[in-house]
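If you want the building blocks of each chain, they are given just below.
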Amino acid sequence: MSNKKILVLPGDGIGNEVMAEVLKIIDWLSKTRSMSFEISERLVGGTAYDKEGDSISDETMQEALDADAVLFGAVGGPQWDNVEREKRPEAALLRLRKELDLFANLRPAVVFDALAEASPLKLNLVKGLDILILRELTSGVYFGQPRGVSKINDDEEKAIDTQSYTTSEITRITRVAFDLAKLRDNKVTSVEKSNVMETGMFWKNTVSNIHQKEFQDVELFHMLADNCAMQLVRNPKQFDVILTDNLFGDLLSDIAAMLTGSLGMLPSASLGPIAENGSRAAMYEPVHGSAPDIAGQGKANPLAMIMSFAMMLKYSFNMQEDSVLVENAVQAVLSKGLRTADISDGADKIVSTQDMGKAVIEELNNLSGS
Ligand code: IPM
Ligand code: MG
């Protein structure tokens, strides 16, 4: 029996409500499984800024480095809009990504049968959809230097962000893409803007090189990012794994999320490199944000957060069976017609965040016969 250290960072807005439901599931698993979890909880985001003077303290950062995995809720809110950039809620997220070296961001977009009707797209386009967006998360325009605003003359200023990628930054995410594709439909679509950007052409050539040398057994397609955005709503089932950079991945994963009916359904895993002892830093978070407009009202959908935890079981703890059990419990709840407001199409009974969490636990009991 081993102890797995999880650092829990609920953050701001609905982060707290959805995290509370996951904690109940972790508790359920600790009672029924031979794995025990050591949970510690800390502030992050605007809440941390208000109480600790920074959106992530050095102590919290150190705990994240020491943990086996980090479970992250959401950060941000209008009350922190004017906070300086380095202390903004989002800066905590970027610091975690960078210092844990979480370069591989997995954002699966899966349409559950019971929810296919909730998608804004036609049923036949999304029924059975199962795609994976793999987003590079620690480089590109999010981190490139130089950046900033400078003065040109008394009337003019200039703002710069830098899009930059090195060979090794692209090759390591490319290998993850091909490895993941092998476990799925064996197809990778690499997405960039090689028609206008130096980094785009460089990305495309680097991916092709790795494909040529190491992964000829996997199908590779290249697609321009604007076309990919269009194809995602025209015919999303043509994709298996979409491999792309930090900024395009941010945009395309929001589109992909909506195909599943709601941002409230999309989990994610952010993984670091595998160390010599086999360990790897990892953080799991729902793709939805802190949704300050509905925070504290029991309206938030906890399923993306719950499925992010299912990804933790799978990718960090090698607990495949338990991961599938949690996913099946979520599917079962949806099949019974339970809906939070975001995924209700009017006809269904709308339940609160807490009732949705409770229903998942009930299904866990049913499915495991306990
Ligand atoms: C995401 C979010 C973040 C990003 C924000 C909150 C900094 O939109 O994880 O997709 O842009 O990466
Ligand atoms: Mg985003």
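Residues numbered from 1 in each chain as written. Chains lettered and ligands numbered in written order. Predicted model: local features only at pLDDT ≥ 70, side-chain atom pairs only at ≥ 80, totals over all residues. Heavy atoms only, no water.

A. Seen up close, the packing of aromatic side chains. A full pass over the atoms with the stated rule returns four aromatic pairs. Both rings, one in Phe 37 and one in Phe 309, keep their centres 6.2 Å apart while their planes meet at 70°; by these two values the pair is edge-to-face. Residue Phe 37 is found in strand E2 (residues 36–41), and its partner Phe 309 is found in helix H10 (residues 303–315); the two are separated by 272 residues along the sequence. Across the pair, Phe 309 and Phe 37 agree in class, each one buried. A ring pair is formed by Phe 37 and Phe 317, whose centres lie 5.9 Å apart and whose planes are at 45°; its orientation type is tilted. In this pair, Phe 37 sits in strand E2 while Phe 317 sits in the loop between H10 and helix H11 (320–335), placing the two residues 280 residues apart along the sequence. Take Phe 317: its relative accessible area is 7%, and that puts it in the buried class. The ring centre of Phe 143 lies 4.6 Å from the NZ or CZ of Lys 98, which sits over that ring. (Phe/Tyr/Trp six-rings, centres within 6.5 Å; stacked < 30°, edge-to-face > 60°. Helix = DSSP H or I, 4+ residues; strand = E, 2+ residues; numbered from the N terminus. Buried < 20%, exposed > 50% of the residue type's maximum accessible area, 1.4 Å probe, protein only. Lys NZ or Arg CZ within 6 Å of the ring centre and 35° of its normal.)

B. Inspection of the site of ligand 1 at higher detail. Every residue close to ligand 1 is listed here: Glu 90, Leu 93, Arg 97, Arg 107, Arg 135, Tyr 142 and Asp 250. For ligand 1, an oxygen atom lies 2.5 Å from a polar atom in the side chain of Tyr 142. Protein chains bury 75% of the 320 Å² of accessible surface belonging to ligand 1 in isolation. Of all the cavities here, the one that holds ligand 1 is the largest pocket. By residue number, the principal contributor to the shell around ligand 1 is helix H4 (residues 89–99), which donates three residues. By residue class, the composition of the shell around ligand 1 is two nonpolar, no polar and five charged. Both of domain 1 (1–103 + 272–370) and domain 2 (109–265) provide at least three residues apiece to the shell around ligand 1. (Near = heavy atom within 4 Å. Polar contact = N/O pair within 3.5 Å; in protein donor to acceptor, adjacent residues only side chain to side chain. Areas by Shrake-Rupley, 256 points an atom, 1.4 Å probe, with all protein chains shown as cover. 1 Å grid on protein atoms, 1.4 Å probe; cavity = no way out; pocket = protein on both sides within 12 Å on 5 of 7 lines; lining within 4 Å. Sits in = over half its atoms within 2 Å of the grid points. Nonpolar A, V, L, I, M, F, W, Y, C, P; charged D, E, K, R; others polar. Domains from an automatic or database assignment.)

C. View of empty space enclosed by the protein. Evaluated as defined, the whole model comprises one cavity of 30 Å³ or more. Roughly 50 Å³ of volume is contained in the largest cavity. If you go around the largest cavity, the residues you meet are Gln 163, Tyr 165, Glu 192, Lys 193, Met 197, Thr 199, Gly 200, Trp 203, Asp 245 and Phe 248. Residues belonging to the lining of the largest cavity are distributed by class as follows: four nonpolar, three polar and three charged. (Points joined across faces, edges and corners; volume = space filled by probe spheres on them.)

D. View of the side chain of Ser 290. Along the chain, Ser 290 turns up in the loop between strand E12 (282–284) and H10. A relative accessible area of 5% places Ser 290 in the buried class. Of the polar contacts made by the side chain of Ser 290, one reaches the backbone oxygen of Gly 76; its length is 2.7 Å. With sequence-adjacent residues up to four places away left out, Ser 290 is seen in contact with Asp 12, Gly 13, Ile 14, Ala 74, Val 75, Gly 76 and Gly 77. (Contact = heavy atoms within 4.5 Å.)

None of the figures reported here should be taken as evidence of function without further support.
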